[in-house]
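Examining the three-dimensional arrangement
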Amino acid sequence: MESRIVRILKAIVMSAIMYGSAHVLGGDAHTCLALSTIPCVLGITNIATDIAYSLTALCLISACVISALPPERVQKIHAVISSGFALLPGTSP
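**A look at helix α1 (residues 4–24)**
Taking 1.5 Å of rise per residue, the 21 residues of α1 would be expected to cover 30 Å, and the 31 Å separating its terminal C-alpha atoms lies within 8% of that figure. Considering only its buried residues, α1 is in contact with α2 (29–45) and α3 (49–68). Following α1 by one or two positions, Gly-26 adopts a phi angle in the positive range, close to 105 degrees.

In structure tokens, the structure reads:
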């Protein structure tokens, strides 16, 4: 059984990884902050930590793949994502 300090530190580190990964993927500060609270809250409360940490790992792998692509391709990906968000009601690109 993990001690409370280790569980809290692990949740904070995973939150920082999630924030950085979401930032590389092109999210604004509010989106990155909202995404980084998922592993933090779930890790500290010890509820569904495997899901939260898997989501963080998926985001990190996606950020690594995006950072390895040429800039032209990254701009196309960001344009597709922005156009997808434009279809949602109440959002702007």
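There's plenty left to go through after this.
**Brief notes about α2**
For α2, with 17 residues, the first-to-last C-alpha span of 24 Å sits near the 24 Å given by 1.5 Å per residue. Where α2 is buried, its residues touch α1 and α3.

**Quick look at the state of the cysteines**
Between two cysteines, a covalent bond joining their sulfur atoms is known as a disulfide. On inspection of all chains with the given rule, the structure shows 0 disulfides. Residue Cys-59 stays outside any disulfide, its sulfur separated by 8.2 Å from that of Cys-32, the closest cysteine. On the accessibility criterion, Cys-59 (10% relative accessible area) is buried. No disulfide involves Cys-64; its sulfur sits 9.9 Å from the nearest other cysteine sulfur, which is in Cys-59. Under the relative-accessibility criterion, Cys-64 is labelled partly exposed at 45%.

Thresholds, definitions, all that
Residues numbered from 1 in each chain as written. Predicted model: local features only at pLDDT ≥ 70, side-chain atom pairs only at ≥ 80, totals over all residues. Heavy atoms only, no water. Helix = DSSP H or I, 4+ residues; strand = E, 2+ residues; numbered from the N terminus. Expected span 1.5 Å × (residues − 1). Contact = heavy atoms within 4.5 Å. Disulfide = S-S within 2.5 Å. Buried < 20%, exposed > 50% of the residue type's maximum accessible area, 1.4 Å probe, protein only.

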